[in-house]
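# Structural overview for review
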Amino acid sequence: MGKAAVARAFEDIKAALAVLDAEVDGAGSEAFSEADPLAGLADGCLDILAGSREVEAGIAGLKVKAAVRYAETAHALAPPDTPVVAQEMAVAAEIGCVLALGPRAAVSFLATSHALTVGLPRTLEALRAGSLSWQHAVAMADETAALDPAGAAALEAHFLDPNAPDAMRGCPVGEMPAHRFKAKARLWRERHHAESIEKRHARSVLDRRVEFRPDRDGMAWLSACLPADQAVAGWNRLTAIARGMQGPHESRTMPQLRADNFAEAILGSSNSTGSGTGPAGVPSPIRAQVLVTVPVFSLLSLTDEPAVLDGYGPIPPSMARRLVADGADSFHRVLVDPRDGAPLEIGRTSYRITKAMRAWLRMREGKCPFPGCSNNSLDNDADHILAWHKGGTTGISNLGQPCPKHHRLRHTTGWKPTPASKNEPPGWTSPTGRHYKSEHQDWEPPHWPPGFLPGQRSLLEEALLQHLAS
């Protein structure tokens, strides 16, 4: 027992790694497939990758438990007159040295470990079971950090408890990249935060700023923290201008064109550093269309429920109302059904069926539906799941909106989309036959104004639906 048992356990782990390493090299005791060794090896490597992900998560869970237990025992062993702050620094320093982490990273690791142990039992359980990665656990800890215990438990249950009321649908948390989970958790957090998003946004606007960070090879980063509507509008404008400049005589890529136009805008100069040349002038009216999904009661100023800005996420309802009221032709409003939160109506500026269908796709998916892709819906292509020449129809359930990269992947490799529905985007099947679910939008019923009784709700729902249909 004790140190000897720990040493033996890690020796066993190292031995197991050596066995797996030999299997990857094709030097195992037997082939993955006698009939087709090469295909068998390819499939076996995917099994090893999947198993490694689970083991890595389990090791991360073990590190969490060991770090917290060490911190507890170190505090118990410390002299009684040791200042609390000094003791916490000493514990973080010891953990940082053992794990080769810098001081800030060690403090962050210990804080996340404590949060998982004390307030996020489902997350820690899933991490130790291998169904969530460490990055997912960090995202959960980050998004619950400013919530009270009840709010943190509710957020955790929504994503990890299949029996929770209105549990998350679509791709399970552990099967999507951590950055995608973080985006979904942020949306849920903003909708259910105990404090109004209006108040939190008002405080955050005071922190708007521009930041400068040197980089390698004579480069640097210049970034700005702005209100979401300004940031999204600026990004979409740069994208629209860059797309308009593309052509057979333009050698610059989209990222280069965005960067050159950004530099020209802030420097007031027509000089650019790109190797290609674009049009001498770009007309100012270029605008990119953005969807703003607004709960109907928020639009009527009856509640403070967040709206959703396409390509960003939750925004204060006052920002959404301003975008709609100002008649900004870059922004198209989308109202949601007061009964279940699903999209109800597209703004009347998109009347023609082709534009309306594309807008519906953008609402249904919010981004490229390929697993893990975050490409904004503005740049994505409408694509028939079952090809037109094979009998496919031009209906929402037979359309997807992959980004250009994954659109090409679909038509040049064995990756294929699976069937979709009116409100669910297509999943994907890989060349090896593995199926990957798509993310689903987390629609939920909007908040009702205080004082409405169930019978009154039914009457108001019917009146709203008739009004929107007229």
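Up top you'll find the structure we're talking about.
Remember, it's a predicted structure, so these values are computed and weren't measured experimentally.

### Notes on unusual backbone geometry
The phi dihedral of Asp166 falls on the positive side, at around 55 degrees, and the residue is not glycine. Locating Asp166 in the fold gives a position in the loop between α7 (149–160) and α8 (178–192). Take Asp166: its relative accessible area is 34%, and that puts it in the partly exposed class. A positive phi angle, close to 55 degrees, is found at Asp217, a residue other than glycine. Structurally, Asp217 can be placed in the loop between β1 (209–214) and β2 (220–225).

### Quick notes on empty space enclosed by the protein
A full pass over the atoms with the stated rule returns one cavity of 30 Å³ or more. Space inside the largest cavity adds up to approximately 40 Å³. Forming the walls of the largest cavity are Pro369, Asp383, Ile385, Gly400, Pro402, Arg410, Pro417, Pro426 and Trp428. Looking at the lining of the largest cavity residue by residue, the classes come out as six nonpolar, one polar and two charged.

### Looking at the packing of helix α3 (residues 84–99) against helix α4 (residues 103–119)
It is at 8 Å that the axes of α3 and α4 come closest, and there the two elements cross at 105 degrees. With respect to α4, the axis of α3 lies roughly perpendicular. In this structure, α3 uses Val91, Ala92, Ile95, Gly96 and Leu99 to contact α4, whose residues at the interface are Ala106, Val107, Phe109 and Leu110. Classifying every residue of the contact of α3 with α4 gives eight nonpolar, one polar and no charged.

### Brief notes about helix α2 (residues 37–77)
The first and last C-alpha atoms of α2 sit 57 Å apart over 41 residues, in line with the 60 Å expected at 1.5 Å per residue. Looking only at α2, the buried set comprises Gly40, Gly44, Ile48, Ala57, Ala60, Gly61, Val64, Ala67, Val68, Ala71 and Ala74. Taken together, the buried residues of α2 touch α1 (3–24), α3, α4, α5 (121–129) and α6 (134–144).

### Digging into the sheet that holds strand β12 (residues 435–436)
Read across the sheet, three strands follow the order β10-β11-β12 without closing on themselves; strand pairing throughout is antiparallel. Each edge of the open sheet is held by one strand with a lone partner, namely β10 (416–417) and β12.

### Notes on a nonpolar patch on the surface
Together, Val6, Phe10, Ile13, Leu17, Leu20, Val55, Ile59 and Leu62 make up an exposed nonpolar region whose accessible area comes to about 680 Å². Counting residues per element, the ones that place at least two in the nonpolar patch are α1 and α2. Top contributing element to the nonpolar patch by residue count: α1, with five residues. Its place among the elements puts Leu20 in helix α1.

### Overview of the environment of Tyr312
Mapped onto the elements, Tyr312 comes out in the loop between β4 (307–309) and β5 (313–315). What makes Tyr312 partly exposed here is its relative accessible area of 37%. Through-space distance from the C-alpha of Tyr312 to that of Val232 is 7.0 Å; in sequence the pair is 80 residues apart. Contact partners of Tyr312, with chain neighbours within four places excluded, come to Arg186, Ala228 and Val232.

### Section: α8
Spanning 15 residues, α8 covers 21 Å between terminal C-alpha atoms, matching the ideal 21 Å at 1.5 Å per step. Taken as a whole, α8 has its buried residues at Ala178, Arg180, Phe181, Lys184, Ala185, Leu187, Trp188, Arg189, Glu190 and Arg191. Packed against the buried residues of α8 are α6, α7, α9 (197–205), β4 and β5.

### Some thoughts on the packing of aromatic side chains
Counted according to the given criterion, the structure contains five aromatic pairs. The structure contains a cluster of three or more aromatic residues connected by ring pairs, namely Phe370, Trp415, Trp428 and Tyr436.

### Focus: the side chain of His407
For His407, the location among the structural elements is in helix α15 (residues 404–412). For His407, a relative accessible area of 18% gives the class buried. A distance of 3.2 Å separates a polar atom in the side chain of His407 from a polar atom in the side chain of His411. Excluding anything up to four places from it in sequence, His407 contacts Asp381, Asp383 and Pro402.

### As for the nonpolar core
Grouped together as the largest cluster of nonpolar side chains are 23 residues, with contacts concentrated most on Leu116, Leu127, Met140, Leu155, Phe159, Val173 and Phe181. Mapped onto this core, the elements with two or more residues apiece are α2, α5, α6, α7 and α8. Take this core: its biggest share by element is four residues, from α6. Sequence-distant contacts of Leu127, defined by excluding residues within four places in its chain, comprise Ala57, Gly58, Ala60, Gly61, Val64, Leu116, Leu132, Ser133, Trp134 and Ala137. With 10 residues, the next largest nonpolar core counts Val232, Val292, Val294 and Ala320 among its residues.

Quick notes on the rules
- Residues numbered from 1 in each chain as written.
- Predicted model: local features only at pLDDT ≥ 70, side-chain atom pairs only at ≥ 80, totals over all residues.
- Heavy atoms only, no water.
- Helix = DSSP H or I, 4+ residues; strand = E, 2+ residues; numbered from the N terminus.
- Buried < 20%, exposed > 50% of the residue type's maximum accessible area, 1.4 Å probe, protein only.
- 1 Å grid on protein atoms, 1.4 Å probe; cavity = no way out; pocket = protein on both sides within 12 Å on 5 of 7 lines; lining within 4 Å.
- Points joined across faces, edges and corners; volume = space filled by probe spheres on them.
- Nonpolar A, V, L, I, M, F, W, Y, C, P; charged D, E, K, R; others polar.
- Axes fitted to C-alpha atoms, helices over the stretch in contact; angles between N-to-C directions.
- Parallel < 35°, antiparallel > 145°, perpendicular 65-115°, else oblique.
- Contact = heavy atoms within 4.5 Å.
- Expected span 1.5 Å × (residues − 1).
- Pairing = 2+ DSSP bridges.
- Patch = residues over 30% accessible without salt bridge, like charges linked within 9 Å, V, L, I, M, F, W, Y side chains within 5 Å.
- Areas by Shrake-Rupley, 256 points an atom, 1.4 Å probe, with all protein chains shown as cover.
- Salt bridge = Lys/Arg side-chain N within 4 Å of Asp/Glu carboxyl O.
- Phe/Tyr/Trp six-rings, centres within 6.5 Å; stacked < 30°, edge-to-face > 60°.
- Polar contact = N/O pair within 3.5 Å; in protein donor to acceptor, adjacent residues only side chain to side chain.
- Core = buried A, V, L, I, M, F, W, Y, C linked by side-chain atoms within 4.5 Å.

Nothing here speaks to function; it is geometry throughout.
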